[in-house]
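# Notes for the structure review
Read off the chains here:
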2 protein chains.
Amino acid sequence: MASSDQQSTTSTPLVWRVNVRTRTCMREPVPESWLRLGGRALVARILVDEVPATCEPLGPYNKLLFCPGLLVGHMLSACDRLSIGGKSPLTGGVKEANAGGTTGLQMVYLGIKALIIEDMPAEPGWWVLHLSAHGARFDKAEDGGSEHGLVGLGVHDAAHRLLEKYGSNVALSLIGQGGEMKLCASGIQNLDKDHRPSRIAARGGLGAVMGSKGLKAIVFDAAQGQKPHVVDPEGFKEAQKAYTKAVIEHPQSRVYKDYGTTAVARMAYSFGALPTRNFSSGNFEQMENISGETLRQTILERGKQNIPGSEAQPSHACMPGCTIQSSNVFADANGKCIVSPLEYETIALMGTNLGIGNLEQIARLNAAADDIGIDTIEIGATLGVAAEAGLLKFGDWERALELIDEIRRGTPLGRILGNGAAITGKVFGVDRVPVVKNQAMSGYEPRAIKGTGVTYATTPQGADHTCGLTIRDKVDHLDPKGQADLSRTKQINMAGFDSLGACIFAGFGFSLVPQVISQFINTRYGWGVPVTFLQDLGKESLKLEREFNRLAGFTPADDRLPEFMTREPLPPLNPVFDVPNEDLDGVFNW
Amino acid sequence: MASSDQQSTTSTPLVWRVNVRTRTCMREPVPESWLRLGGRALVARILVDEVPATCEPLGPYNKLLFCPGLLVGHMLSACDRLSIGGKSPLTGGVKEANAGGTTGLQMVYLGIKALIIEDMPAEPGWWVLHLSAHGARFDKAEDGGSEHGLVGLGVHDAAHRLLEKYGSNVALSLIGQGGEMKLCASGIQNLDKDHRPSRIAARGGLGAVMGSKGLKAIVFDAAQGQKPHVVDPEGFKEAQKAYTKAVIEHPQSRVYKDYGTTAVARMAYSFGALPTRNFSSGNFEQMENISGETLRQTILERGKQNIPGSEAQPSHACMPGCTIQSSNVFADANGKCIVSPLEYETIALMGTNLGIGNLEQIARLNAAADDIGIDTIEIGATLGVAAEAGLLKFGDWERALELIDEIRRGTPLGRILGNGAAITGKVFGVDRVPVVKNQAMSGYEPRAIKGTGVTYATTPQGADHTCGLTIRDKVDHLDPKGQADLSRTKQINMAGFDSLGACIFAGFGFSLVPQVISQFINTRYGWGVPVTFLQDLGKESLKLEREFNRLAGFTPADDRLPEFMTREPLPPLNPVFDVPNEDLDGVFNW
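Reading the values: rules and limits
- In this convention, every chain numbers its residues from 1, walking through the sequence in written order.
- Numbering of ligands from 1 and lettering of chains from A proceed in the order in which they are written.
- Only residues with pLDDT of at least 70 get local features here, since the model is predicted, and only at 80 or more are side-chain atom pairs given and counted; chain-wide, interface and lining totals rely on the full set of residues.
- Counting from the N terminus, the helices are the DSSP runs of H or I reaching at least four residues and the strands are the DSSP runs of E reaching at least two.
- Radius of gyration means the value over C-alpha atoms here, while the globule rule gives 2.2 Å times the residue count to the 0.38 power.
- Exposure is read from a count of other C-beta atoms within 10 Å of each residue's own; the residue is exposed at 12 or fewer, buried at 20 or more and partly exposed in between. C-beta atoms are placed from the backbone.
- Strand pairing is assigned whenever DSSP detects at least two bridges linking the two strands.
- Note on definitions: angles span 0 to 180 degrees between N-to-C directions of axes, and those axes are lines fitted to C-alpha atoms, for helices only across the stretch in contact.
- Two residues qualify as being in contact provided that their C-beta atoms, derived from the backbone, are within 7 Å of each other.
- The pLDDT score gives, residue by residue, the confidence of the prediction method on a 0 to 100 scale.
- We define the nonpolar core as any set of buried residues of the types Ala, Val, Leu, Ile, Met, Phe, Trp, Tyr and Cys, connected via C-beta atoms lying within 7 Å of each other.
- A domain assignment, automatic or from a database, supplies the domain bounds used here.
- Note on residue categories: nonpolar means Ala, Val, Leu, Ile, Met, Phe, Trp, Tyr, Cys or Pro, charged means Asp, Glu, Lys or Arg, and polar means any other residue, Gly included.
- Our superposition of the copies is a least-squares fit, built on the C-alpha atoms of residues whose pLDDT is at least 70 in both.
- Roughly parallel refers to an angle under 35 degrees, roughly antiparallel to one over 145, roughly perpendicular to one between 65 and 115, and oblique to any angle outside these ranges.

## With respect to the overall build of chain A
Within chain A, the secondary structure is distributed over 22 helices and 17 strands. Since a compact globule built from 590 residues should have a radius of gyration of about 25 Å, the 22 Å found for chain A is in line with a globular shape. With respect to the principal axes defined by its C-alpha atoms, chain A has extents near 65 × 55 × 55 Å. Counting only residues that meet the buried cut, chain A has 62% of its 590 residues in that class.

## Some thoughts on the sheet that holds strand β14 (residues 327–331) of chain B
All names here are of chain B. Within the open sheet, the three strands sit side by side as β13-β14-β15. Their pairing is antiparallel. Two strands close off the open sheet at either side, each with one partner strand: β13 (313–316) and β15 (337–339). Strand-to-strand twist in this sheet, taken as the mean axis angle between neighbours without regard to direction, amounts to 40 degrees. Where β14 lies against β15, two bridges are found, and the strand directions are antiparallel. Bridge pairing in β15 links Ala-331 to Cys-337.

## Observations regarding the environment of Asn-283 of chain A
All names here are of chain A. Assignment of secondary structure puts Asn-283 in the loop between α8 (265–270) and α9 (292–304). Separated by 306 residues in sequence, Asn-283 and Asn-589 place their C-alpha atoms 35 Å apart. Discounting residues that sit within four places of it in the chain, Asn-283 has contacts with Gly-272, Leu-274, Thr-276, Pro-571 and Pro-572.

## Quick look at the confidence of the model for chain A
Close inspection of predicted coordinates is inappropriate for parts of the model with low pLDDT. Averaged over every residue, the pLDDT of chain A is 95; the share at 70 or more is 98%. Here residues 1–10 of chain A is a poorly scored stretch, pLDDT under 50, and it has 27 contacts once near neighbours within four places are set aside; other chains count.

## Here we look at the nonpolar core
Ala-217 of chain A together with Ala-217 of chain B are the most contacted members of the largest nonpolar core, which totals 381 residues. Formed jointly, this core draws a minimum of three residues from each of two domains, domain 1 (14–221) and domain 2 (242–585) of chain A. With near-sequence residues (within four places) excluded, Ala-217 of chain B lies in contact with Val-128, Leu-150, Ala-158, Leu-162, Leu-172, Ser-173 and Leu-174 of chain B.

## Observations regarding the sheet that holds strand β10 (residues 188–191) of chain A
Residues and elements named next belong to chain A. Pairing within the open sheet is mixed, and its six strands lie in the order β8-β7-β12-β9-β10-β11. With partners counted over all chains shown, the strands left at the sheet margins are β8 (135–140) and β11 (197–201), one partner each. Neighbour to neighbour, the strand axes of the sheet diverge by 25 degrees on average, direction disregarded. Bridge count for strand β9 (residues 171–174) against strand β12 (residues 215–221) is four bridges, and the pairing is antiparallel. Across the sheet, residue Ala-171 finds its bridge partner in β12, namely Phe-220.

## Focus on the environment of Gly-501 of chain B
Residues and elements named next belong to chain B. Mapping Gly-501 onto the fold places it in the loop between α18 (483–500) and α19 (506–512). It is 3.7 Å that separates the C-alpha atoms of Gly-501 and Gly-69, two residues lying 432 residues apart in sequence. Residue contacts for Gly-501: discarding those within four places in its chain leaves Gly-38, Gly-39, Pro-68, Gly-69, Leu-70, Leu-71, Val-72, Cys-79, Asp-80, Arg-81 and Gly-104.

## So, the interface of chain B and chain A
Each partner contributes residues to the interface: chain B has 25 residues there, and chain A has 25 residues. Those elements giving two or more residues to the side of chain B that touches chain A turn out to be α15 (412–418) and α16 (421–428) of chain B. Among the residues making up the side of chain B that touches chain A, the classes are represented as 11 nonpolar, six polar and eight charged.

## A few points about the domain arrangement of chain A
Residue and element names in this part refer to chain A. Domain assignment breaks chain A into domain 1 (14–221) and domain 2 (242–585). Placing the centre of domain 1 and that of domain 2 at their C-alpha centroids yields a distance of 22 Å. Listed as interface residues are 61 residues of domain 1 and, on the opposing side, 60 residues of domain 2. Secondary structure elements with two or more residues in the side of domain 1 that touches domain 2: α1 (39–50), β5 (94–99), α3 (155–166), α4 (177–180) and β11. If you tally residues by element for the side of domain 1 that touches domain 2, the top one is α1, at seven residues. For the side of domain 1 that touches domain 2, the residue count by class is 24 nonpolar, 25 polar and 12 charged.

## Quick word on the relation of the copies chain B and chain A
Mapping chain B onto chain A calls for a rotation angle of 180 degrees and an axial translation of 0.0 Å; the resulting RMSD is 0.0 Å. Both copies of the chain, as the preceding transformation shows, are related through a two-fold rotation axis. A share of 100% of interface residues in chain B that are also interface residues in chain A marks the association as one of identical surfaces.

## Description of unusual backbone geometry
All names here are of chain A. Between Ser-340 and Pro-341 the backbone carries a cis peptide bond, its omega angle lying at -10 degrees. Inspection of the secondary structure puts Pro-341 in the loop between β15 (337–339) and α10 (344–351). In this model, Pro-571 is joined to Pro-572 through a cis peptide bond whose omega is 0 degrees. Within the fold, Pro-572 resides in the loop between α21 (563–567) and α22 (581–585). Backbone geometry places Asn-438, a non-glycine residue, at a positive phi of 70 degrees.

## Re the packing of helix α11 (residues 359–372) of chain A against helix α13 (residues 397–409) of chain A
All names here are of chain A. With their axes 10 Å apart at the nearest point, α11 and α13 run at an angle of 0 degrees to one another. In this view, α11 runs roughly parallel relative to α13, as classed from their interaxial angle. Within the contact between the two elements, α11 uses Gln-361, Arg-364, Leu-365, Ala-368, Ala-369 and Ile-372 and α13 uses Trp-397, Ala-400, Leu-401, Ile-404, Asp-405, Ile-407 and Arg-408. Looking at the contact of α11 with α13, its residues break down into nine nonpolar, one polar and three charged.

## What about the pairing of strand β7 (residues 127–132) of chain A?
All names here are of chain A. Counting buried positions along β7 yields five of six residues, so the element is predominantly enclosed. Relative to β8, β7 runs antiparallel, the two being bridged by six bridges. Residue pairing in the sheet places Leu-131 in a bridge with Ala-136 of β8. Between β7 and the antiparallel strand that follows it, β8, lie two residues. Bridging between β7 and β12 involves six bridges; their strand directions are parallel.

Written out as structure tokens, the structure is:
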């Protein structure tokens, strides 16, 4: 089943094109127009160039794309992220979801500029795609009930067996039962630097696309790979020095190292913007139980109680070389890891949004969803809608866990939930459904943080805070004026960072030394790009994404928040979302 | 709870505007621009004028509209149809679904040009809206478990209780459990001339809209109403004479009187266009068991076996005065009515499409769905998708009946199915889903009848054969050429007929004496319209519908058949759907 059209060489990055019907891999030169793109921008470019925008997302014409960001491969702090993409079965539009971990690094070591997975298997069946310097190989994946089988397993067991078989140094991208069932909330899990399958490209249902291609896992074995060529190593090192210093010195880095993403919980609360009980309030009375401070305290206690081998870590790097280390390892009272990381968005969506004010309970819900390989934001929002439909009581975490297990077991109810909040709302006739383009919002109530509301409404990706979060900006978040301008700037920058492979927190460092971005690129590739490169890349990415969506049939009518947010005031401050449609429609006029 | 803003008068038709929050009714003069519209065209006009196209279909901004066609009120053969409309929760676009029966007649007798139902109840609860010459009254609907209660009952029991309470001469529009649960496949049932709740405005989920308005039923009591004013009674009578003669003499009338809509089954079969086993074949090997001839034979036998009071009727008028009588009453071996009517589209979707070749079994599935108040086309297509997902075996009618009962009981599985084929496909990861704009196709395979495929793809209503069926036209149905032109002509005419209140079979009569349409209108209303009135009305209707959809966010990408039909050849003749997109996009260029 192995196939390769040219001798192994990792010095010049290539496009690896894998066909799951013929089970072959072609390694091709990178087209000129793709060369200077990476990550999210390259995903968008390939989608526009190769995928018919109106195609069935789970059919043979969709493609699953893996594109490391332009800066990946050097263990720069928070800059080794991988973009995974395709046409989203959840939104029906363009989709890029990125993740940290080790996959991007190993892809670059293998010289893979972009991995394009095409077509569908002729017969039902599951495969492991093995990629190494020798090319591609398809290994049959057996039923998880057999000794080395994988099919039907959660990502933890599956990853364990894969690492046993392929060696502990490989990188993995794999799906859980969610992706196998082609659920629209399913993502693709990747290993963190400690080989935990915990870095999920979560959003938009890319796990279902991988499932439709018959792939349970992709193994990236860079044992015979090599570090990427750097045109001007000295210059690169200089940039690296300036950047690393900036990252370390930025005051937010310390905050995020200590508190992780949950640092933002109190801030959201103070703005009345903490999604609570299915987005019916911005104010959760048990907020202190789930704040970043409580989270740190809890982890510290569980780490220091002289428990031999306790896995608890308040700060943890998901990627080798990261100095921010916003990740954490949340352990139980015996020091055993429940989940890593426990992030703010999950705490909001699976916690406050469900009326649950207990970190350990939230961590267990998080872990259950992670193992199925499904997006905790989407599922948290979905369970909120399910609560509105009477399927659970707010605050009842055991019932929430049962419902997540329904997803794992693939019952009819589980399949509804596993397809996300929009479908769940439709099936149960609930009209308070916090989605845009069918994708759930995360932990920032858009009525109270209106700039982020503009981002949710207008980003081509469907509601997604990572496309342009505005909560840290010094503006009146309740004032509709100027929010579109703010969102525009953020969206451009974030699309740029996502194309570089830079984590949102890398932005802290870059904000102090913005010139190092072009310096990195020019010393790495020798391209001579201007200092506006980040924005140029961001704009190019957004332009391509909007073009794909336009061809897929999206219009301004899709760039709107759900109706209930425009007519139901949000306690305690009682705003509605009132950014004018004209402002929303002007976000991409730059 | 009664309210009325002006003295009862039925001489000048008015707009009745009912608000379900305040439980009041305003009777208003008809706006100038609505005057010459009726039925489907008036639905489209009101939607464009009053409903924000992007609104939540089950929210307060959507409106439920009842508009009799322009010819309704005179018991002209097959011309008393009522259009019901609103924004569709199934398609997200414009929706008009029409039905025969007695509701349209009584509305006209009450002088109701259009009934507009607005807003949402402030509190959950169910009501019966009673309309009479005295105005509107809201009566509380109690739980069906109580003696006179209605809530939770199927349409047969509910209609029975309503007729007991309000008198047997009223007309009713009511919903079953499907509409109560706001399922997207739910319609609105109306009484036929024998007081059976069997004339369903089935398509597009208008039952859910009625459910969202908190109305279990609307009672139309025209006891003190009056026949509509006719400007030139002699001229009208003359037109009526010519029209009735034409209807009786048209050879197709006899065919439809004898065989009902099922007359077309053999024709569809001969073209390889009979939807079979979830649209995977156009050829059903048991076709003879379900043909129009077998249907007629079966009903005749069950009618003539000297069974006292046998209800079996091979020909039956759904509306008073209809000479075509394409309806039927399908009875069991003891002469007891199972369902009325058993129609071709149901036989195709719940029969051949499910691999079921037994009329009595199909009739029982039909009856079960009817009683829940759900669309048999949508549910038949949904069960086909469910079979593909492994939820039933093709041919297993008892399992199909169980699944329909899941819908009635509102189990999670039932709610999935009750929301239609598109959602069912999504939830279960099936990619062979025969829908356009999320609405299921009916009994004509578009790969083998390509003109009808063009209609399915492009009609603003979502896949719907009644918007322009081409099977009876003498063309090569497999040739993609010219099909867009054919569909255009049909769609214009059908939109015209739907605006007149004329049944598709009235078209047979009108085709022989086309000038009587303007003669009817001019002698009835004194407007002086040209002989092109039918087409003018049809074009106006389509223009408005497309405008509403455009505002709702529809684009050419929505005017496409499902992808599988463009790549999977259809046995036995193996066509794919290959009408070029440019042709589809040119259908409305006239």
